[in-house]
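Spelled out, the chains give:
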Amino acid sequence: MAISLGSPSGPHASTCGYCSPSGQRSVERSFRQSAGLSARQLSCQVYQDMIDHGWRRSGKWCYKPDLKASCCPLYTIRLDAPAFKPSKSQRKLLNRWNRFVEHGKEEDMGDVRKPPKQKGKNTAEFDLITSIHASEKSFHTDKEFAHHVEITLEPSSYTDEKFALYQKYQKEIHHEEEKRPSGFKRFLVDTPLVSEPIPYSTPPPAHLPTRYGSYHQLYRLDGKLIAMAILDILPSCVSSVYFMYDNTWEEFSLGKLSAFREISLASELCAAGAPGLSYLYLGYYVHSCQKMRYKGEYQPSYLCDPETYIWFPFKDCVKSLDKHRYACFSFPKHSLEGPPGLEIESEFEDHEPAELEDSVLKDILMLQSIEGSRITVVPVNSSPFWDIDYETRHMVLSC
């Protein structure tokens, strides 16, 4: 396993973009993080363990929200991909895209029409994976299509083509100007994840990745890049980091189509024998933000409890989320209504992280010296700074 390296930081407060008008942030620093980590590199298993405990990454910066002290609590949500059954409206959306790729827009279809509805109950089983690949020429070489769709998965990297799509997306969707590539690289290209082989039980199909790590999934229509998903493929999941698209094709709901494709990817990885990989992590579910509730439409999904990190069925959590600003599913009495009061804010400011056993601390190594190519590390609790440097001790324990 690759060594994981990073510089920890303690609690931090910032403005919030979830409870503000579109394109704006809150006036108050009402979003709180209990810890942060500037990650130099992380093994994929370490990062999997982190997101299973409420962490998330933005480029190489990793952060853990403090749900109790924040205006908009962020709950990690994951979907059981092989068990997903698309709704009628979701199937309709995917079928509409497939018809467009095969025949063109409906006004240009001429004599081609939708197949007539059969009377009685339709017993034909809808298969998500088959439908996802139905529009790809590479899966149907003997079929003619009005448009050429190409979906490729490649390790995270920078190209001018990707940056141009990001600029267009930022301008048309978020009304922001992105003039230099540096921000794009830092946010959506840079990654701390160390690529590692996926130990498939049998050789996988050619279109599936062979390594864990960070990827860009590119959507090309007739040779033009129209969308891109940023994904982390980890030992237990496909983790959706970000998605951007060309607004020209907004009528086809590319964001929802990308969710179906990512569900399909996780299911295919599972079926191909990637051990333990069966979930799609959709990032954070924000119940207090109406535009973020769409993640609850994909079922069966689960929310991570903010105190015990046990997974609870989403449907069992909704009632508590409706009633409380902060919901604890393991200990319902810990749930809180209303905005964080002075007591909670004081608790955040004066928070003392829990002490860790020496058996745990000995596996956390601190850089002691660098001499040429020789690097010396020691267990963090054996460092001479451990007992005298309160700030360092606080940051390590916070993580």
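Conventions adopted
Residues numbered from 1 in each chain as written. Predicted model: local features only at pLDDT ≥ 70, side-chain atom pairs only at ≥ 80, totals over all residues. Heavy atoms only, no water. Helix = DSSP H or I, 4+ residues; strand = E, 2+ residues; numbered from the N terminus. Rg over C-alpha atoms; globule rule 2.2 N^0.38 Å. Contact = heavy atoms within 4.5 Å. Areas by Shrake-Rupley, 256 points an atom, 1.4 Å probe, with all protein chains shown as cover. Lys, Arg positive; Asp, Glu negative; His and termini not counted. Charge placed at Lys NZ, Arg CZ, Asp CG, Glu CD. Core = buried A, V, L, I, M, F, W, Y, C linked by side-chain atoms within 4.5 Å. Buried < 20%, exposed > 50% of the residue type's maximum accessible area, 1.4 Å probe, protein only. Domains from an automatic or database assignment. Polar contact = N/O pair within 3.5 Å; in protein donor to acceptor, adjacent residues only side chain to side chain. Arc of directions from axis to C-beta. UniProt positions renumbered as here; feature names shortened; annotations may be inferred. Salt bridge = Lys/Arg side-chain N within 4 Å of Asp/Glu carboxyl O.

Asks: What should I look at first to understand the overall build of the protein in this one?
Replies: Scanning the protein from N- to C-terminus turns up ten helices and 16 strands. The globule rule puts the C-alpha radius of gyration for 399 residues at 21 Å, and the 23 Å found for the protein is close to it. Here the C-alpha coordinates of the protein stretch approximately 80 × 55 × 45 Å along the principal axes. Long-range pairs, those at least 24 residues apart, make up 63% of the contacts in the protein with a sequence separation of at least 6. Accessible area of the protein: about 21,300 Å², with a carbon and sulfur share of 52%. Charge separation in the protein, taken as the distance between the mean sites of 47 positive and 52 negative side-chain charges, equals 6 Å.

Asks: Hey, could you run me through the nonpolar core in this one?
Replies: Membership of the largest hydrophobic core comes to 87 residues, with the highest contact counts inside it found for Trp97, Ile233, Val238, Met244, Leu254, Phe260 and Leu303. Looking at which domains feed residues into this core, each of domain 1 (5-81 + 307-398) and domain 2 (88-281) gives three or more. Ignoring any residue separated from it by four or fewer positions in sequence, one finds Ile233 in contact with Cys44, Leu153, Ile198, Pro209, Tyr212, Gly213, Tyr215, Val238, Leu265, Leu269 and Leu277. Within the second largest apolar cluster, ten residues are counted, among which are Cys72, Leu74, Tyr284 and Val286.

Asks: Please clarify how the side chain of Ser335 should be interpreted in this entry.
Replies: Residue placement: Ser335 occurs in the loop between α7 (314-323) and α8 (342-349). Separated by 3.0 Å, the side chain of Ser335 and the backbone nitrogen of Cys328 make a polar contact. Discounting chain neighbours no more than four positions away, the residues touching Ser335 are Ser320, His324, Tyr326, Ala327 and Cys328.

Asks: Can you help me understand the environment of Ile198 in this one?
Replies: With respect to the secondary-structure elements, Ile198 resides in the loop between β8 (196-197) and β9 (211-221). Ile198 sits 178 residues away from Ser20 along the chain, and the two C-alpha atoms are 41 Å apart. Discounting chain neighbours no more than four positions away, the residues touching Ile198 are Pro209, Thr210, Arg211, Tyr212, Ile233 and Ala274.

Asks: I'm lost on α7 in this one. Help?
Replies: For an α-helix, 3.6 residues make a turn, and residues three or four places apart therefore share a direction. Buried within α7 are the following residues: Phe314, Cys317, Ser320 and Leu321. An end-on view of α7 places all buried positions within 115° of arc, on one side of the element. Opposite the buried face of α7, by more than 90 degrees, sit the exposed residues Lys315, Asp316, Lys319, Asp322 and Lys323. In this structure, the buried side of α7 is in contact with β6 (75-80), β12 (279-285), β13 (301-304) and β14 (311-313).

Asks: Whenever I open this one, the UniProt feature "domain: N-end rule aminoacyl transferase C-terminal" (unreviewed entry) in the protein confuses me. Can you help?
Replies: Following the UniProt record, one finds the feature "domain: N-end rule aminoacyl transferase C-terminal" (unreviewed entry) at residues 161-304. In residues 161-304, helix accounts for 28% and strand for 30%; the two terminal C-alpha atoms are 37 Å from one another.

Asks: Got a minute to help me understand the pattern of salt bridges in this structure?
Replies: Side chains that carry opposite charge are capable of pairing whenever their charged atoms lie near each other. Applying the stated criterion across every chain, the model contains ten salt bridges. For the salt bridge of Glu102 with Lys143, the shortest nitrogen-to-oxygen distance reads 3.6 Å. One end of the pair, Glu102, is in helix α2 (residues 88-103); the other, Lys143, is in the loop between α3 (128-132) and β7 (149-155), and 41 residues separate them in sequence. A salt bridge links Lys362 to Asp363; its shortest N-O distance comes to 3.4 Å. Judged by relative accessible area, Lys362 falls into the partly exposed class, the value being 46%. A single salt-bridge network, built from bridges that share partners, covers Arg96, Lys105 and Glu251.

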